[in-house]
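Structural overview
The chain contents come next:
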Amino acid sequence: MIVPVHLCGGSGTRLWPLSRRSYPKQFVRLLGDESLFQASASRLSGDGFAAPLIVTGSDFRFIVTEQLHEAGIDPGAILIEPEGRNTAPAVLAAALHLEQTDPDALMLVAPSDHVIPDADAFRAVLEVGVAAAESGRMVTFGIAPDRAETGYGWLELETAPDGEARPLDLIRFVEKPDEDKAQEMLEAGRYLWNAGIFLFKVSTVLDAFRTHAPELMEPVGQAVTQGHADLGFLRLDPDAWAEADDISIDYAVMEKADNLSAVPFSARWSDLGDWFSVWREMETDARGVALSGPAQAIDCEDTLLRSESGDLEIVGIGLKNVLAVATPDAVLVADADCAQDVKKAVELLKAKGARQATAFPKDHRPWGWFETLVMADRFQVKRIVVHPGAALSLQSHHHRSEHWVVVHGTARVTVNDTQQLVTENQSIYVPLGARHRLENPGKVPMVLIEVQTGTYLGEDDITRYEDIYARS
């Protein structure tokens, strides 16, 4: 059995404004009805695969469980990183956790935000690498290149692939090249794109860390052993974790190891690293125009027009080589040749303190989500959606009062010592300072409109007394 290890960190800033720190690209439905994370989990499930092990951040733990539930997948362990420390500590923590039950288990480390349309072809290639991994090799899966790509790292093989899917000796990892070097490697025929997907035994990769990155063993080991269970998650110890170097597994281990093999994969693959790569994966018309959502193109060519709001029409006229993406609170317009520079826009917005740099109008919570409809001086209007059976914390506010109007479903509302059911078209008032809780006792999502009034309306004006999701 192969244990899939899904790495679910990262912010995907090159796919702003649809991917942001509060809800990064792996959880977004960029292509089709599944998120990239759901597609990755589904691809590595079923016969031959154990329950997946997930490594993610605290802010995403309930998004992970919700999306796995939607995909019909029961997770194994979910490790919570106190902070992002890159892929080497994440992989090491997963290996140390698996060592406790099966030190010879095969673990497949896979990013959770890649696109591989032919799942059967990918699983077949994985099978090719199993024997090598069981013999003590560390196997990576490289993508057969079809262009001189400068946005990916490359793998140099000892011999050129001959079209047969088999493990080949890997000489070295190559950093993202310039155009001339990329063209040279493409023509040489001995290079693959580095997909960052690895297969090895737990014991093999732990030996590699002990040999090539021993400085990581103690802090990451302590983070795992001193971690604590929290609602089915394993929270790694923050103090020990903070002592671990911020370093990728490529730098820490793979570039130093001498037991590496690479298996070529020649079917379609993309890491969806920017909007140009998204355009390349979408269905286009005869002029290379891709549309998503309420979007229209007039006399355009090689252009992506995408609207993420049903109420926002995006229309392009006479555009060529343009990427235009609209969300309810932000619009990106860029030359496709500058797709890699979108992260600069995020840095610019962060510098000016714009909320759009990192957060969405729709804010996901373990009980559901809310979005701000109107924000003004001393009042705010929100739409709140609560999942069936879910409940907000018992809480109070120091600076605001709230009016709730239920517009769909039924709410069970607690205000101080009083509890009552509030149904559609009914409302209730929550005075400043009152202890209150909102629950959905029904079997359909409950929707309400909240009007806040007060001197301060920030999300940090919350004192929690009880919370079924164990948030502080």
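Up top is the structure these notes are about.
Let me begin by describing the structure that accompanies this report. Please read these numbers as outputs of a predicted model, since none were measured by experiment. (Residues numbered from 1 in each chain as written. Predicted model: local features only at pLDDT ≥ 70, side-chain atom pairs only at ≥ 80, totals over all residues. Heavy atoms only, no water.)

The next thing to look at is the side chain of Glu156. The residue Glu156 is located in strand E6 (residues 154-157) in this model. Of the residues examined, Glu156 reaches a relative accessible area of 10% and is grouped as buried. Here Arg172 takes part through its side chain, which lies 2.4 Å from a polar atom of the side chain of Glu156. Setting aside residues up to four positions removed in sequence, Glu156 forms contacts with Leu170, Ile171, Arg172, Arg190 and Tyr191. (Helix = DSSP H or I, 4+ residues; strand = E, 2+ residues; numbered from the N terminus. Buried < 20%, exposed > 50% of the residue type's maximum accessible area, 1.4 Å probe, protein only. Polar contact = N/O pair within 3.5 Å; in protein donor to acceptor, adjacent residues only side chain to side chain. Contact = heavy atoms within 4.5 Å.)

Residues Ile298, Val315 and Ile317 make up a contiguous nonpolar surface patch of roughly 290 Å² in combined accessible area. Positionally, Val315 belongs in strand E15 (residues 314-317). (Patch = residues over 30% accessible without salt bridge, like charges linked within 9 Å, V, L, I, M, F, W, Y side chains within 5 Å. Areas by Shrake-Rupley, 256 points an atom, 1.4 Å probe, with all protein chains shown as cover. Salt bridge = Lys/Arg side-chain N within 4 Å of Asp/Glu carboxyl O.)

A few words on the side chain of Thr56. With respect to the helices and strands, the residue Thr56 is situated in strand E2 (residues 53-57). Take Thr56: its relative accessible area is 0%, and that puts it in the buried class. At 3.2 Å, the side chain of Thr56 forms a polar contact with the backbone oxygen of Cys8. Aside from chain neighbours lying at most four places away, what touches Thr56 is Cys8, Arg61, Val64, Ile78, Leu79, Ile80 and Glu81.

We now examine the sheet that holds strand E20 (residues 379-386). An order of E18-E19-E20-E27-E22-E25 is seen for the six strands of this open sheet, with the pairing classed as antiparallel. The outermost strands of the open sheet, each flanked by one partner alone, are strand E18 (362-365) and strand E25 (427-430). Taken over all neighbouring pairs, the strand axes of this sheet differ in orientation by 20° on average, direction set aside. With four bridges connecting them, E18 and strand E19 (residues 368-376) associate as antiparallel partners. The residue bridging Asp363 from the neighbouring strand is Phe370, located in E19. (Pairing = 2+ DSSP bridges. Axes fitted to C-alpha atoms, helices over the stretch in contact; angles between N-to-C directions.)

Where helix H3 (residues 87-99) meets helix H7 (residues 217-225), the closest approach of the two axes is 9 Å, and the angle between their N-to-C directions is 55°. Overall, the two elements H3 and H7 adopt an arrangement that is oblique. Where H3 crosses over H7, the two elements pack in a sense that is right-handed. Together, Pro89, Leu92, Ala93, Leu96 and His97 of H3 and Met217, Val220, Gly221 and Val224 of H7 make up the contact between the two elements. The residue makeup of the contact of H3 with H7, split by class, is seven nonpolar, two polar and no charged. (Parallel < 35°, antiparallel > 145°, perpendicular 65-115°, else oblique. Left-handed = near helix turned anticlockwise from the far one by under 90°. Nonpolar A, V, L, I, M, F, W, Y, C, P; charged D, E, K, R; others polar.)

This next bit is on helix H4 (residues 119-134). Taking 1.5 Å of rise per residue, the 16 residues of H4 would be expected to cover 22 Å, and the 22 Å separating its terminal C-alpha atoms lies within 8% of that figure. The largest bend along H4 measures about 30° and falls at Val128. Buried within H4 we find Ala119, Phe122, Val125, Leu126, Gly129, Val130, Ala132 and Ala133. Of the residues one or two after H4, Gly136 is the one with positive phi, at around 105°. (Expected span 1.5 Å × (residues − 1). Bend = angle between axes of the 7 residues up to and from the residue.)

Core analysis: the biggest nonpolar cluster contains 61 residues, and Trp275 and Leu438 have the highest contact counts within it. The biggest single contributor to this core is helix H2 (residues 61-70), with four residues. The residues contacting Trp275, other than those within four sequence positions of it, are Arg14, Leu15, Trp16, Pro17, Leu18, Leu30, Leu304, Arg306, Leu323, Val325, Leu332 and Ala339. Core analysis: the second largest hydrophobic core is formed by 50 residues, Leu7, Leu157, Leu236 and Leu260 among them. (Core = buried A, V, L, I, M, F, W, Y, C linked by side-chain atoms within 4.5 Å.)

Glancing now at the packing of aromatic side chains. Between two aromatic rings, the relevant description is the distance of the centres plus the angle of the planes. Under the counting rule described, the total for this entry stands at 14 aromatic pairs. Taken together, the ring pairs in this structure connect Tyr23, Phe27, Phe37, Phe60 and Phe360 into an aromatic cluster. Over the aromatic face of Tyr465 sits the side chain of Arg435, whose NZ or CZ is 3.6 Å from the ring centroid. (Phe/Tyr/Trp six-rings, centres within 6.5 Å; stacked < 30°, edge-to-face > 60°. Lys NZ or Arg CZ within 6 Å of the ring centre and 35° of its normal.)

For the rest of this paragraph, the subject is the pattern of salt bridges. Taken as a whole and judged by the stated rule, the model has 27 salt bridges. Among the ionic pairs, Arg147 bridges to Asp146, the shortest N-O distance being 3.0 Å. Classification of Arg147 by relative accessible area gives partly exposed; the value is 23%. For Asp146, a relative accessible area of 58% translates into the label exposed. By sharing partners, the salt bridges in this structure join Asp363, Arg365, Lys382 and Glu459 into a single network.

Okay, empty space enclosed by the protein next. Across all of its chains, the model carries two cavities of 30 Å³ or more by this definition. Of the pockets and cavities examined, the largest cavity occupies roughly 210 Å³. Trp367, Leu392, Gln395, Glu459 and Ile462 are, among the 20 residues lining the largest cavity, the residues nearest its centre. Elements represented by at least two residues in the lining of the largest cavity include exactly E20, strand E22 (400-408), strand E26 (436-439) and strand E27 (446-454). It is E22 that provides the largest number of residues to the lining of the largest cavity, a total of three residues. Here the second largest cavity defines a volume of roughly 40 Å³. Residue lining of the second largest cavity: Ser40, Arg43, Leu44, Ala110, Pro111, His114, Ile116, Phe122 and Ile197, and that is the complete set. (1 Å grid on protein atoms, 1.4 Å probe; cavity = no way out; pocket = protein on both sides within 12 Å on 5 of 7 lines; lining within 4 Å. Points joined across faces, edges and corners; volume = space filled by probe spheres on them.)

Let us now look at the sheet that holds strand E17 (residues 330-335). In spatial order, the strands read E12-E14-E16-E17; together these four strands make up an open sheet with mixed pairing. The open sheet has two free edges, formed respectively by strand E12 (289-292) and E17, since each of these has just one partner strand. Here the strands of the sheet are splayed against their neighbours by 5° on average, with no regard to which way each runs. Judged from the six bridges that link them, strand E16 (residues 322-327) and E17 form a sheet pairing that is antiparallel. Within the sheet, the bridge partner assigned to Thr327 lies in E17 and is Ala330.

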